[in-house]
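Survey of secondary and tertiary structure
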Amino acid sequence: LSLSLSLCVCVLPSFQVMQRRLGAVLVLEDDCRFEPNFVNNLVAMMDEVISNNLQWDLIYLGRKRLEGTENYVKGTTRLVYPNYSYWTVGYVLSLRGAKKLLGQKPLTKILPVDEYLPIMFDNHPEESWKSHFTDRNLVAYSAYPLLLYPTHYVGDEGYFSDTEPPEIWIERHKIRMAQKQKKQREEL
């Protein structure tokens, strides 16, 4: 897998949180689109985190859900436990989460952050990839509904990715859809 420099840059927020001893940081991609009332919804979501005394490492604000139904976090109306996801349109990362992510030395085992995060909260379909990382105990939640979306999707006019050519994404989608259809046929 050939990776561009921009994928390596995705690890930098973790370094910044650690170096500056920040309690948490909001990480946004340059192509994110804010949903209406973003700030109010973000504050309300974080109020739920605080009022429920939730321990957390990462909270997705925008992502592409890929698999299955997601359950609400007990006592909340704005947070779910994320299944395997793609994209990191935006998320909140805690100092503890940054330490966990960097503790696995991700720059020595380069892969897209979109894949690394689900591996670290132990919800990734590729067992062989997961096997390269120990202590996959990142505590992850996701905003529900999502607070951010990308400005463009693969195939949209004006779509551009600085991390991978569209052919890779399209091919991955085709493979996953074929696997899903095969599983559905086997269940019949």
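Residues numbered from 1 in each chain as written. Predicted model: local features only at pLDDT ≥ 70, side-chain atom pairs only at ≥ 80, totals over all residues. Heavy atoms only, no water.

Points about the overall build of the protein chain
Rules: The way it works is that DSSP assigns letters per residue, a run of H or I at least four long becomes a helix, a run of E at least two long becomes a strand, and they are numbered from the N terminus. Residue contacts follow a heavy-atom distance rule, with two residues in contact if any of their heavy atoms lie within 4.5 Å. Reported accessibility uses the Shrake-Rupley method at a 1.4 Å probe radius. Residues are deemed covered only where the shown protein chains occlude them.
Looking only at helices and strands, the protein chain has seven helices and seven strands in total. Long-range pairs, those at least 24 residues apart, make up 69% of the contacts in the protein chain with a sequence separation of at least 6. For the protein chain, the computed accessible surface area is about 10900 Å², with 53% contributed by carbon and sulfur atoms.

Quick word on the packing of aromatic side chains
This is how it is decided: The aromatic pairing rule takes the rings of Phe, Tyr and Trp, using the six-membered ring of Trp, and pairs them if the centres are within 6.5 Å, calling planes under 30 degrees apart stacked, those over 60 edge-to-face and the rest tilted. Exposure is judged per residue with a 1.4 Å probe applied to protein chains only, and the accessible area is read against the type maximum: over 50% gives exposed, under 20% gives buried, and values in between give partly exposed. Think of it as a cone above the ring: NZ of Lys or CZ of Arg counts as a charge over the ring if it is within 6 Å of the ring centre and within 35 degrees of the ring normal.
On inspection of all chains with the given rule, the structure shows five aromatic pairs. Taking 6.1 Å as the distance between ring centres and 85 degrees as the angle between the ring planes, the aromatic pair formed by Tyr60 and Phe121 counts as edge-to-face. With Tyr60 in strand 3 (residues 58-65) and Phe121 in the loop between helix 5 (113-120) and helix 6 (127-130), this residue pair connects regions lying 61 residues apart in the sequence. Neither Tyr60 nor Phe121 differs from the other in exposure class; each is buried. Summarising the aromatic geometry, the rings of Tyr81 and Tyr141 are spaced 5.7 Å apart at their centres and angled 55 degrees between planes, so their arrangement reads as tilted. Residue Tyr81 is found in the loop between strand 4 (79-80) and strand 5 (85-94), and its partner Tyr141 is found in strand 6 (residues 140-143); the two are separated by 60 residues along the sequence. Owing to a relative accessible area of 40%, Tyr81 belongs among the partly exposed residues under this scheme. A residue is classified by how much of its surface remains accessible, and Tyr141, at 6% relative accessible area, is buried. The ring of Tyr60 has Arg63 lying over it, and the distance from NZ or CZ to the ring centre is 5.5 Å.

So, the pairing of strand 3
So the rule is basically this: We call two strands paired when DSSP finds no fewer than two bridges between them.
Most of strand 3 sits out of view: six of its eight residues are buried. Of the strand pairs in this sheet, strand 3 and strand 6 are connected by three bridges, and their pairing is parallel. Bridging across to strand 6, Leu58 finds its partner in Ala140.

Re the sheet that holds strand 3
For the record, the criterion: Angles shown run from 0 to 180 degrees and are taken between the N-to-C directions of axes, each axis being a line fitted to C-alpha atoms and, for helices, limited to the stretch in contact.
What the five strands build is an open sheet, ordered 1-5-3-6-4; its pairing is mixed. The open sheet is flanked by strand 1 (24-28) and strand 4, the only strands paired with a single partner. Contacting strand 3, strand 4 and strand 6, helix 3 (residues 38-51) crosses the sheet at an angle of about 125 degrees to strand 3. Sheet strands in contact with helix 5 are strand 3 and strand 5, and its direction is about 65 degrees off that of strand 5.

Let's talk about the side chain of His124
Rules: For this analysis, a polar contact is any N or O atom pair within 3.5 Å, provided that within protein one partner can donate a hydrogen and the other can accept it, and provided that sequence-adjacent residues contribute only side-chain to side-chain pairs.
Position of His124 among the secondary structure elements: in the loop between helix 5 and helix 6. Looking at His124, the relative accessible area reads 4%, which means it is buried. Polar contacts involving the side chain of His124 include one to the side chain of Glu115, which spans 2.5 Å. Apart from the residues within four sequence positions on either side, His124 is in contact with Tyr84, Glu115, Pro118, Ile119, Trp129 and Lys130.

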